[in-house]
Amino acid sequence: MKINNINWICVETYEEMSRLAAEKLASQLKNKPDSVLGLATGSTPIGLYQNLVKACRAGEISFADAKSVNLDEYVGLDASHPQSYRYFMNDNLFSHVDIKEENINIPQGCAEDIAAECVRYSAKIRELGGVDIQLLGVGNNGHIAFNEPCDRFIGRTHEVPLTESTREANARFFDSIDEVPKSALTMGIADIFEAKEILLVANGEKKIEILKKAFEGDIDPDIPVSILLLHPNVTVIVTPEASK
Ligand code: GLP
């Protein structure tokens, strides 16, 4: 079905959501082996990545010519920190597929000059020719990547202070909330929006609720995901099944 311009697919289980989403990314890679894949972290895409790893091991797809661009990274955590998004990506996807190290792009949360890193990252995305398909999750408050609810949309990669609700939501991955970084680097709304196609995955009733509020209402920087209403090619795959 459609909610405004959004292709809305609701499936029964997390497994089905993961399978369908992986199929979409896999067919992108089959059609264009040198695709620029926009990738996301969080618990939601883990099942999808497992399916991609399986497909790669079975020889159905290859990442050998693909490039990846990740949405965000915590400030202050480097690749060796188990909660850094770089570590997450290695653990869940990169170490298990044939992607080349030089084709992996993630904002450097430990860069000496954070402002320069932000400029470099947005420029890098453009240099790659833009993202072919951008995978997104959504935060409980409607954030995409780490674009938190705000009074305006910020276009390019920037450092963002994390809201308490996001820090609390992400504290489950750390030993305590005090260890959750207070800020992150995130692709901006224009960086995300310029992707040719967007694929958003979400599971659990809370996420469905915030997405419906966003897509049935007005575009509002206070619910950042609502910006997708303006994008011409968005597919959202949701399931009410909560994470296990
Ligand atoms: C983090 C990430 C987002 C992600 C969100 C939801 O805040 N920066 O990109 O969409 O978490 O995560 P989860 O899938 O674990 O609910």
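Structure shown above.
What counts, and where the lines are drawn
All residue numbers refer to positions counted from 1 along the written sequence of the respective chain. Given that the model is predicted, a residue must reach a pLDDT of at least 70 before its local features are reported, and side-chain atom pairs must reach 80 or more before they are shown or counted; all residues, however, enter totals for whole chains, interfaces and linings. The side-chain values count all of the structure's non-hydrogen atoms but skip hydrogen atoms and water molecules. By the criteria applied, helices consist of DSSP H or I runs no shorter than four residues and strands consist of E runs no shorter than two, each listed in order from the N terminus. In this treatment the radius of gyration is a C-alpha quantity, and the globule benchmark scales as 2.2 Å times the residue count to the 0.38 power. The cut-offs for exposure are 20% and 50% of the maximum accessible area for each residue type, with area from a 1.4 Å probe on protein chains only; residues under the lower value are buried, those over the upper are exposed, and the others partly exposed. Residue contacts are defined here by distance: any two heavy atoms, one from each residue, within 4.5 Å place the two residues in contact. When charges are counted, Lys and Arg contribute as positive and Asp and Glu as negative, whereas His and the chain ends are disregarded. Charge coordinates come from a single atom per side chain, which is NZ of Lys, CZ of Arg, CG of Asp or CD of Glu. Patches draw on residues past 30% relative accessible area with no salt bridge. Two like charges within 9 Å are joined, as are two nonpolar side chains (Val, Leu, Ile, Met, Phe, Trp, Tyr) within 5 Å. Surface exposure here means Shrake-Rupley accessible area, sampled with a 1.4 Å probe, where a residue is shielded only by the protein chains that are shown. Between Lys or Arg on one side and Asp or Glu on the other, a salt bridge is scored when a side-chain nitrogen of the former is within 4 Å of a carboxyl oxygen of the latter. Proximity is defined per residue: if any heavy atom of the residue lies within 4 Å of a molecule or strand, that residue is considered near it. Whenever a nitrogen or oxygen atom comes within 3.5 Å of another N or O atom, the pair is scored as a polar contact, on the condition that within protein one atom can donate a hydrogen and the other can accept it, and that pairs from neighbouring residues in sequence are kept only if both atoms are in side chains. The residue classification treats Ala, Val, Leu, Ile, Met, Phe, Trp, Tyr, Cys and Pro as nonpolar and Asp, Glu, Lys and Arg as charged. All others, Gly included, are polar. To form a nonpolar core, buried Ala, Val, Leu, Ile, Met, Phe, Trp, Tyr and Cys residues must be joined to one another through side-chain atoms within 4.5 Å.

K.L.:
What is the right way to read the overall build of the protein from this model?
P.N.:
Of regular secondary structure, the protein possesses 7 helices and 11 strands. Rg of the C-alpha trace for the protein: 17 Å, near the compact-globule value of 18 Å for 244 residues, within the 12% margin. Overall, the C-alpha framework of the protein stretches about 45 × 40 × 35 Å when taken along its three principal axes. Taking all 244 residues of the protein together, 53% fall into the buried category. Contacts in the protein between residues far apart in sequence, at least 24 positions, make up 78% of those at least 6 positions apart. Of the side chains in the protein, 24 bear a positive and 37 a negative charge, and the two mean positions are spaced by 5 Å.

K.L.:
Any chance you could explain a negative patch on the surface here in plain terms?
P.N.:
Residues D151, D218, D220 and D222 make up a contiguous surface patch of negative charge. The exposure class assigned to D222 is partly exposed, which follows from its relative accessible area of 44%.

K.L.:
Just to check I follow, could you spell out the site of the ligand for this structure?
P.N.:
Of all residues adjacent to the ligand, which total 13 residues, the nearest are S43, T44, D72, R172 and K207. Interatomic distance of 2.9 Å between a side-chain N/O atom of H143 and an oxygen atom of the ligand. At a separation of 3.2 Å, a nitrogen atom of the ligand approaches a polar backbone atom of A145. Considering only residue class, the shell around the ligand consists of 4 nonpolar, 6 polar and 3 charged.

K.L.:
What is the right way to look at the pattern of salt bridges in this model?
P.N.:
Between side chains of opposite charge, pairing is possible as soon as their charged atoms come close. For the coordinates displayed, the defined rule picks out 10 salt bridges. The closest approach of N and O atoms between E117 and R120, which form a salt bridge, is 2.8 Å. Placement of both E117 and R120 in helix α4 (residues 114-127) is noted, with a separation of 3 residues, approximately one turn of the helix. You can call R120 partly exposed: its relative accessible area is 36%. Across the pair K196 and D132 runs a salt bridge whose closest N-O atoms are separated by 3.3 Å. One end of the pair, K196, is in the loop between α6 (189-193) and β10 (197-203); the other, D132, is in the loop between α4 and β7 (133-136), with 64 residues separating them in the sequence. Assessed through its relative accessible area of 47%, K196 is described here as partly exposed. The network of salt bridges with shared partners includes K32, D132 and K196.

K.L.:
Can you help me understand the nonpolar core in this one?
P.N.:
Burial of nonpolar side chains together is a common tendency in soluble globular proteins. Core analysis: the largest hydrophobic core is formed by 66 residues, its most contacted members being L52, F63, L93, L211, F215, V225 and L228. Looking at this core, the element that brings in the most residues is helix α1 (residues 14-31), giving 7 residues. Counting residues in hydrophobic clusters, the runner-up holds 10 residues, among them F146, V160, V180 and A184.

K.L.:
Explain unusual backbone geometry here, please?
P.N.:
A negative phi angle is the norm for most residues apart from glycine, just as the trans form is the norm for most peptide bonds. In this model, N4 sits at a positive phi of 50°, which is unusual for a non-glycine residue. Within the element layout of this structure, N4 appears in the loop between β1 (2-3) and β2 (6-10). Relative accessible area serves as the criterion here: at 52%, N4 is assigned to the exposed category. The phi angle at A145 is positive, at roughly 50°, despite the residue not being glycine. Structurally, A145 can be placed in the loop between β7 and β8 (158-161). A145 gets classed as buried once you look at its relative accessible area, which sits at 9%.

K.L.:
When you look at the side chain of H143 in this model, what are you seeing that I'm missing?
P.N.:
As for its placement among the helices and strands, H143 is situated in the loop between β7 and β8. Residue class for H143 comes out buried when judged on its relative accessible area of 11%. A distance of 2.9 Å separates polar atoms of two side chains, one belonging to H143 and the other to N141. Within the structure, H143 has its side chain in polar contact with the side chain of E148 (distance 3.2 Å). Filtering out sequence-adjacent residues up to four positions away, H143 remains in contact with G137, V138, E148, P149, T166 and P224.

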